[in-house]
Amino acid sequence: MGRTKRKRRQKISRSFCTCGANEELILLNTWLKKNGVRRKKELALAVFSDTGRGVLTKKRIRPGDELISLPLNLTINVSTILMDRAFCSIFLENKIPCLSTYKKTVSFQSLLAFYLTYLKAQGIKTKWHIYLKNLPQEYTVPYFLPNEIKCNVDPEILDVISNQKCVIETTYNIFFQLLKTCKNSCDSVSMVQKHFCMSLYEWAYFTVNTRCVYIDLSKIIDLKNVENNLLNIISDNTNISLCPYLDMINHSPCARNETKLLVNKDIENVKVKDLKDELFLDVTFSIYTKNFFDAHSQVFICYGDSHNLKLITEYGFCIPKNDLDYVSFPFDIVLQYFNTRSIKVSLEQINFIHSHGLNKDLHIDSKGLSYNFYGLLMVIKYYHEKNKDISRLIYSAAICSNDSKLNELVKPMAVDKCNLISNSVNELKKSGCEAVELMNCIELMCQYIGILEKFIKS
Ligand SMILES: C[S@@+](CC[C@H](N)C(=O)[O-])C[C@H]1O[C@@H](n2cnc3c(N)ncnc32)[C@H](O)[C@@H]1O
């Protein structure tokens, strides 16, 4: 390749602009440095044309390199909440006996979101205000789509949104009630009482959803033997934390990384009552990459092997032509379909299907029918045939699943679904709405159409 061509190519691949002059980000960098963040000097924040804001490396990065290391007290984790006496008082000094009334009813994610609204309400009075200022103002998840658009969005996506709505509304109502009946009237509590509203809570919920990192603190803090503690209302584990700067790194399915918690050996099983901010100065959370990154390219980590339904609904972005995508067929819909085609399914067959778990994970992906879907169709087609040991047949399906008669059995259903999705996509395109969250839904629905068309042609 000649020099001019090489230069032109470099220009094309450098589709980003750095954020060096952004005042908020300069403040964030200064604050992080002052508080002990260690990160590769060559990392800088930049806005990329394809992924938006992310982390750029100015020099080549190699597998094994540490990207960022944060002292634990520079992350917002379960101990941050437990050490915040005023925040805890909302639950512990309340007219409602909230630890028993709401015992195991609130997910840690919801509590962390509530804590974020509490911090946000403090304005510049919280030590986190520079971090909070640099968080996105809004999120591109379909949860925020207007109702008139949602009616044409795929039911799979709508299912996730409706679960999110249910969790958000239930926990919002609990926190709203607790703020009303809280007996502590210190400044920080009054501030959150004044500012707490649904839009702030939704923002906080999706901030946590899109940015949290898994950190298991169970070896450091004794979170089991706690009575009369805010933790009593938590229904799940507390292993998620907000990590400034680390949460600026975007996702790539090809990225590989690992995290390490480096703990001073004196710190072990600390009792909740003994928690102190200084304790965690010597505990650091580090992330290491296992990839090469060229100079002047974006650094990525992997948020987990995720199909687009999850990426779109939980994180607000999608990966084009994601191999992990699949089209689901709920069992009751499949049964309805058999009914309309006069394909008889006996009670005996239904029992067999349930006892072998073949009523779950029924889907089609780019390789064809899922194992369970294939097994289910075997039961439908061969269960009553003499000389066929159905259990053995299902077992053999794990090794070889190329009975084209079984595909034919459900192709009309795939055709119907494909047409339905195509019509909905056309309606969505007609809406004129160009919001990222809608474009992502359309991308996923088109991916579903592609998967189904391939299956129908097979
Ligand atoms: C942990 S944050 C990463 C930093 C974020 N871009 C920012 O500006 O603060 C996760 C969010 O970044 C965006 N994101 C991450 N990976 C992406 C990708 N591959 N393509 C597009 N957006 C991505 C999504 O909005 C996601 O919710």
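Residues numbered from 1 in each chain as written. Predicted model: local features only at pLDDT ≥ 70, side-chain atom pairs only at ≥ 80, totals over all residues. Heavy atoms only, no water.

K.L.:
Help me understand the overall build of the protein, please; the structure alone is not making it clear to me.
P.N.:
Secondary structure summary: the protein contains 18 helices and 16 strands in total. With the C-alpha coordinates aligned to their principal axes, the bounding extent of the protein is approximately 75 × 75 × 50 Å. Put simply, the protein has 458 residues, and 50% of those count as buried. For the protein, the share of sequence-separated contacts (at least 6 apart) that also reach a separation of at least 24 residues comes to 81%. For the protein, the exposed area adds up to about 23,800 Å²; of that, 51% sits on carbon and sulfur atoms. Seen as two clouds, the 59 positive and the 47 negative side-chain charges of the protein have centres 6 Å apart. (Helix = DSSP H or I, 4+ residues; strand = E, 2+ residues; numbered from the N terminus. Buried < 20%, exposed > 50% of the residue type's maximum accessible area, 1.4 Å probe, protein only. Contact = heavy atoms within 4.5 Å. Areas by Shrake-Rupley, 256 points an atom, 1.4 Å probe, with all protein chains shown as cover. Lys, Arg positive; Asp, Glu negative; His and termini not counted. Charge placed at Lys NZ, Arg CZ, Asp CG, Glu CD.)

K.L.:
Explanation requested: the domain arrangement of the protein in the structure shown.
P.N.:
Interfaces are often described in size by the accessible area the parts lose on coming together. Under the domain assignment, the protein is made up of domain 1 (72-248 + 258-285) and domain 2 (326-457). A C-alpha centroid distance of 39 Å is found between domain 1 and domain 2. Each partner contributes to the interface: domain 1 provides 12 residues, whereas domain 2 provides 15 residues. Counting each side, the surface lost to burial between domain 1 and domain 2 is near 1,100 Å², with a carbon and sulfur contribution of 70%. The tally of links from domain 1 across to domain 2 stands at zero salt bridges. On inspection of domain 1 and its partner domain 2, the count reaches zero residue pairs in polar contact (both at pLDDT 80 or more). (Domains from an automatic or database assignment. Buried area = accessible area lost by both parts, 1.4 Å probe. Salt bridge = Lys/Arg side-chain N within 4 Å of Asp/Glu carboxyl O. Polar contact = N/O pair within 3.5 Å; in protein donor to acceptor, adjacent residues only side chain to side chain.)

K.L.:
Quick question: what am I supposed to make of the site of the ligand here?
P.N.:
As a matter of local geometry, the ligand sits amid 13 residues, with Arg 53, Arg 211, Asn 250, His 251 and Tyr 315 nearest to it. Contacts to the ligand include Asn 250, whose side-chain N or O atom sits 2.9 Å from a nitrogen atom. At 2.5 Å, a backbone N or O of Tyr 315 approaches an oxygen atom of the ligand. For the ligand, the accessible surface in isolation is 560 Å², of which the surrounding protein chains cover 86%. For the shell around the ligand, the secondary-structure elements that each account for two or more residues are helix H11 (198-211) and strand S9 (250-251). Of the residues in the shell around the ligand, the class split is six nonpolar, four polar and three charged. (Near = heavy atom within 4 Å. Nonpolar A, V, L, I, M, F, W, Y, C, P; charged D, E, K, R; others polar.)

K.L.:
What's the story with the sheet that holds S9 in this structure? I'm lost.
P.N.:
Think of a sheet as strands paired side by side through backbone hydrogen bonds, with each pair either parallel or antiparallel. With mixed pairing, five strands are arranged side by side in an open sheet as S1-S3-S4-S13-S9. Since the sheet does not close on itself, it has two edges, and those belong to strand S1 (16-18) and S9, each with one partner. Pairing of S1 with strand S3 (residues 43-48), which is carried by three bridges, proceeds in the antiparallel orientation. When the bridges of S3 are listed, Thr 18 appears paired with Ala 46. (Pairing = 2+ DSSP bridges.)

K.L.:
It is not clear to me how the UniProt feature "domain: SET" (unreviewed entry) in the protein should be interpreted in this structure. Could you clarify?
P.N.:
As recorded in UniProt, the sites labelled "domain: SET" (unreviewed entry) are residues 41-304. The straight-line gap between the two end C-alpha atoms of residues 41-304 is 26 Å; of that span, 34% is helix and 17% is strand. (UniProt positions renumbered as here; feature names shortened; annotations may be inferred.)

K.L.:
Whenever I open this one, the environment of Tyr 288 confuses me. Can you help?
P.N.:
Among the structural elements, Tyr 288 can be located in strand S12 (residues 284-289). By relative accessible area, which is 15% here, Tyr 288 ends up buried. Dropping the residues within four chain positions of it, Tyr 288 is found in contact with Gly 64, Asp 65, Glu 66, Leu 67, Asn 257, Glu 258, Lys 260 and Leu 262.

K.L.:
Help me understand the packing of helix H6 (residues 108-121) against H11 in this model?
P.N.:
A pair of packed helices can be characterised by two numbers: the angle between their axes and the separation between those axes. Put simply, H6 and H11 touch, their axes get as near as 8 Å, and they point 120° apart. One element, H6, and the other, H11, form an angle in the oblique class. For H6 against H11, the interelement crossing comes out right-handed. Residues Gln 109, Ser 110, Leu 112, Ala 113, Phe 114, Leu 116, Thr 117 and Lys 120 of H6 lie in contact with H11, whose contacting residues are Leu 200, Tyr 201, Trp 203, Ala 204, Tyr 205, Thr 207, Val 208 and Asn 209. (Axes fitted to C-alpha atoms, helices over the stretch in contact; angles between N-to-C directions. Parallel < 35°, antiparallel > 145°, perpendicular 65-115°, else oblique. Left-handed = near helix turned anticlockwise from the far one by under 90°.)

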